[in-house]
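Next come the chains, spelled out residue by residue.
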Amino acid sequence: MTRATSSAPSQRMLRVGEQVRAAITQVLQRGEVRDPLLEKTVISISEVRMSPDLKHATAYVTPLGVKDHEAVIEALNRNAKFIRGRLGPQLRQMKYMPDVRFRDDTSFDNYKKIDDLLRSPEVARDLDAEDGDDDQ
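1. Focus on the sheet that holds strand S3 (residues 99-104)
Here comes step 1: Taken in spatial order, the three strands line up as S1-S2-S3 in an open sheet, and their pairing is mixed. The open sheet terminates on both sides in strands that have one partner only, identified here as strand S1 (42-50) and S3. Averaged over all adjacent pairs, the angle separating strand axes in this sheet is 30 degrees, with direction ignored.
Here comes step 2: As paired strands, strand S2 (residues 56-64) and S3 are joined by six bridges and run parallel to one another. Bridge pairing in S3 links Ala-57 to Val-100.

Pasting the structure below:
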């Protein structure tokens, strides 16, 4: 019997991703990473996506209050091996410690664009026209 292929993550990938996210958050909150840029920056980790074999983790982060996100992402990727080493105590149940990559989370920008579109005069005009049609 063939296996169904799907691009959606499995329950296990989601569960492990959430555990890795919590572990990375703890490492950053405790200030274990000795990088001047990371020490003075508040970083929000919105999601961690795991590879199907659970050996690679991609963490989507948003530096808060910083205009240059790329510098923070580069600093996190420079310290990725150190962060990976500090994840051990929280993730000791895993067979392999995942390699961590950091990426800029652009989902908030996408949400803002959608919100701006929904609040635009063109959409409001179309919605008003639909309400008028329903009354008749």
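There's more to say after this.
2. A word on the nonpolar core
General note: in soluble globular proteins, nonpolar side chains tend to be found buried as a group.
Here comes step 1: If you look at the biggest cluster of nonpolar residues, it comprises 27 residues, and the most contacted ones within it are Val-20, Ile-24, Met-50, Val-61, Leu-76, Leu-87 and Phe-102.
Here comes step 2: Contributions of two or more residues to this core are made by helix H1 (11-29), S1, S2, helix H3 (69-78), helix H4 (80-86) and S3.
Here comes step 3: With six residues, H1 is the single largest residue contributor to this core.
Here comes step 4: Residues in contact with Leu-76, not counting those within four places in the same chain, are Leu-28, Leu-38, Ile-43, Val-61, Ile-83 and Phe-102.

3. Notes on the environment of Glu-39
Here comes step 1: With respect to the element layout, Glu-39 can be found in helix H2 (residues 36-39).
Here comes step 2: With eleven residues separating them in the primary sequence, Glu-39 and Met-50 have C-alpha atoms 26 Å apart.
Here comes step 3: Setting aside chain neighbours within four positions, we find Glu-39 in contact with Val-33 and Arg-34.

Calculation notes
Residues numbered from 1 in each chain as written. Predicted model: local features only at pLDDT ≥ 70, side-chain atom pairs only at ≥ 80, totals over all residues. Heavy atoms only, no water. Pairing = 2+ DSSP bridges. Helix = DSSP H or I, 4+ residues; strand = E, 2+ residues; numbered from the N terminus. Axes fitted to C-alpha atoms, helices over the stretch in contact; angles between N-to-C directions. Core = buried A, V, L, I, M, F, W, Y, C linked by side-chain atoms within 4.5 Å. Buried < 20%, exposed > 50% of the residue type's maximum accessible area, 1.4 Å probe, protein only. Contact = heavy atoms within 4.5 Å.

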